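This is what each chain is made of:
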Amino acid sequence: MRVLLTGGAGYIGSHTLLKLLQEQNEVLVLDNFSNSSMESLRRVKQLANRDFDFRNGDICNSTLMNDTFNAFKPDAVIHFAGLKAVGESNDKPLDYYTHNVTGSVELLRCMRRHGCKQIVFSSSATVYGEADYLPYDEQHPLRPTNPYGRTKYFVEEIIKDWTASWSEASAVLLRYFNPVGAHDSGRIGEDPLSTPNNLVPFISQVAIGRLDKLNVFGSDYDTRDGTGERDYIHVDDLARAHLSAVHFASKNKACEAINVGTGRGATVLEMVKAFERASGRPIPLNMAARRNGDVAKSIADVSKANRLLDWEAIHNIDDMCRSTWNWQSLNPLGYK
Ligand code: NAD
Ligand code: UFG
């Protein structure tokens, strides 16, 4: 297949790119490098031992998007490009609406114009908001609590309308839970440009000595040990889910929202222990106040992914921490 990857130089995009190349798909990556570098693409090319097309540009640039569709003629798009920091989205909501919503509308318009009928979209568990029940299934009410989450919710709705208006179109809205880990080679991984907001990259930088200690945000939640519980999903399993989703979209005229997680939760303290086992290094802790906007637990019901995509996660939290540590210790400064 010919697959266009928007945001393909980023964390999840680069891991998916590698799998698509290994399965002999023709790929074009379009990325503006606002949160990534050319180095990830150079390394994917080495790992795959194959070349792929690449364009440096913005999904909001309609001239560039039209040129790209004209030249590459994709069968399908996997749409990763977007801004993703929850805290920043409260301070710069219009940047989030521009990149995430306007950019997606531009992309869908271009797909329609050029007859490209299939899209897999990077959505997020954050669309659910406070849980009425757990695990979250795809029928759970959607009540995102921040601008970032609302951009994901709006784009899901826009894609539903887009598929409803075009009988040949199909879409899979993948609602990722908490992606972590890195490729086994340690050559590609998550490389936050500034101090990490997310738990595992933060722990990893404590272990390597770039940060002093982990602030544990809240120890009075209604969980096994009082700390926040999440459904962490290995990026390698997540990348595989994209290949299954593209395949599903090519066979089914539908628009399906599908959770991607393991169906199991781990608390902050359980992740810390797993990382200490993986790295052999102690992670100093500071028990801190709850972080604004955090929920106690977020766990996926993954039965729809099992059923429709014939996919399930195979990695556990020890695999996730081992691969993160391998990447971090081989690349103490990330791609720099
Ligand atoms: P990332 O920041 O590493 O990758 C996103 C890529 O998109 C980057 O390479 C960035 O340079 C590019 N980009 C951003 N805006 C662009 C634009 N306007 N035009 C072209 N390129 C642009 O993030 P990631 O963790 O790989 O996430 C990929 C997608 O998955 C995002 O849409 C994100 O919201 C979503 N998601 C991520 C997580 C997570 O925890 N990592 C969880 C749920 C959903
Ligand atoms: N945590 C800490 N200390 C830290 C960072 C996080 O204790 O320094 C805790 C949080 O309080 C939470 C857990 O670790 O209990 C996980 O936090 P993350 O920031 O890693 O992940 P979130 O579940 O808050 O959010 C992530 C992404 C969102 C995405 C969501 C669901 O940041 O973009 O997963 O996919 F929407």
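Since this is a predicted model, take the numbers as computed values, not measurements. (Residues numbered from 1 in each chain as written. Chains lettered and ligands numbered in written order. Predicted model: local features only at pLDDT ≥ 70, side-chain atom pairs only at ≥ 80, totals over all residues. Heavy atoms only, no water.)

Overview of the site of ligand 2
Here comes step 1: Taken together, 22 residues lie around ligand 2, and S124, F177, N198, R230 and D294 are the ones closest in.
Here comes step 2: Residue R291 places a side-chain N or O atom 2.8 Å away from an oxygen atom belonging to ligand 2.
Here comes step 3: A distance of 2.6 Å is found between an oxygen atom of ligand 2 and a side-chain nitrogen or oxygen belonging to D294.
Here comes step 4: If ligand 2 stood free it would expose 690 Å²; the protein chains cover 89% of that surface.
Here comes step 5: With four residues, strand β8 (residues 214-217) is the single largest residue contributor to the shell around ligand 2.
Here comes step 6: In the shell around ligand 2, the residues fall into eleven nonpolar, seven polar and four charged. (Near = heavy atom within 4 Å. Polar contact = N/O pair within 3.5 Å; in protein donor to acceptor, adjacent residues only side chain to side chain. Areas by Shrake-Rupley, 256 points an atom, 1.4 Å probe, with all protein chains shown as cover. Helix = DSSP H or I, 4+ residues; strand = E, 2+ residues; numbered from the N terminus. Nonpolar A, V, L, I, M, F, W, Y, C, P; charged D, E, K, R; others polar.)

Quick word on the sheet that holds strand β4 (residues 76-79)
Here comes step 1: Read across the sheet, seven strands follow the order β3-β2-β1-β4-β5-β6-β11 without closing on themselves; strand pairing throughout is parallel. If you trace the sheet from one side to the other, it starts and ends with β3 (53-56) and β11 (255-260), each paired once. The sheet shows a mean angle of 15 degrees between the axes of neighbouring strands, taken without regard to direction. (Pairing = 2+ DSSP bridges. Axes fitted to C-alpha atoms, helices over the stretch in contact; angles between N-to-C directions.)

So, the site of ligand 1
Here comes step 1: Around ligand 1, the structure places 26 residues, and the nearest of them are D31, N35, S36, K84 and Y148.
Here comes step 2: N32 is positioned with one of its backbone polar atoms (N or O) 3.2 Å from a nitrogen atom of ligand 1.
Here comes step 3: One of the backbone nitrogen or oxygen atoms of F80 is found 2.7 Å away from an oxygen atom of ligand 1.
Here comes step 4: For ligand 1, the accessible surface in isolation is 820 Å², of which the surrounding protein chains cover 96%.
Here comes step 5: Mapped by element, the contributors of at least two residues to the shell around ligand 1 are α1 (11-22), β5 (118-124) and α6 (147-164).
Here comes step 6: If one sorts the elements of the shell around ligand 1 by residue count, β5 sits on top with three residues.

Structural notes on unusual backbone geometry
What is expected of a backbone is that most residues other than glycine have negative phi and most peptide bonds are trans.
Here comes step 1: L134 connects to P135 through a cis peptide bond whose omega is -5 degrees.
Here comes step 2: The residue P135 is located in the loop between β5 and α6 in this model.
Here comes step 3: Within the chain, F33 stands out as a residue other than glycine whose phi angle is a positive 60 degrees.
Here comes step 4: One non-glycine residue, D310, lies in positive phi territory at about 50 degrees.
Here comes step 5: Examined against the element boundaries, D310 turns out to sit in the loop between α10 (303-309) and α11 (317-330).

Topic: the nonpolar core
Here comes step 1: Counting residues in each nonpolar core, the largest one holds 42 residues, and the members touching the most others are L5, L17 and L174.
Here comes step 2: Looking at this core, the element that brings in the most residues is helix α8 (residues 235-251), giving eight residues.
Here comes step 3: Grouped together as the second largest cluster of nonpolar side chains are 26 residues, L64, A81, F121 and W166 included. (Core = buried A, V, L, I, M, F, W, Y, C linked by side-chain atoms within 4.5 Å. Buried < 20%, exposed > 50% of the residue type's maximum accessible area, 1.4 Å probe, protein only.)

Brief notes about the domain arrangement of the protein chain
Often, the extent of an interface is quoted as the loss of accessible area on bringing the components together.
Here comes step 1: Along its sequence, the protein chain is carved into domain 1 (2-182 + 233-261 + 306-314) and domain 2 (199-229 + 264-302 + 318-330).
Here comes step 2: Spacing between the C-alpha centres of domain 1 and domain 2 amounts to 26 Å.
Here comes step 3: With 19 residues of domain 1 at the interface, the matching set in domain 2 holds 13 residues.
Here comes step 4: Taken together, the links from domain 1 to domain 2 amount to zero salt bridges.
Here comes step 5: Joining domain 1 to domain 2, the criterion identifies seven residue pairs in polar contact (both at pLDDT 80 or more). (Domains from an automatic or database assignment. Contact = heavy atoms within 4.5 Å. Salt bridge = Lys/Arg side-chain N within 4 Å of Asp/Glu carboxyl O.)

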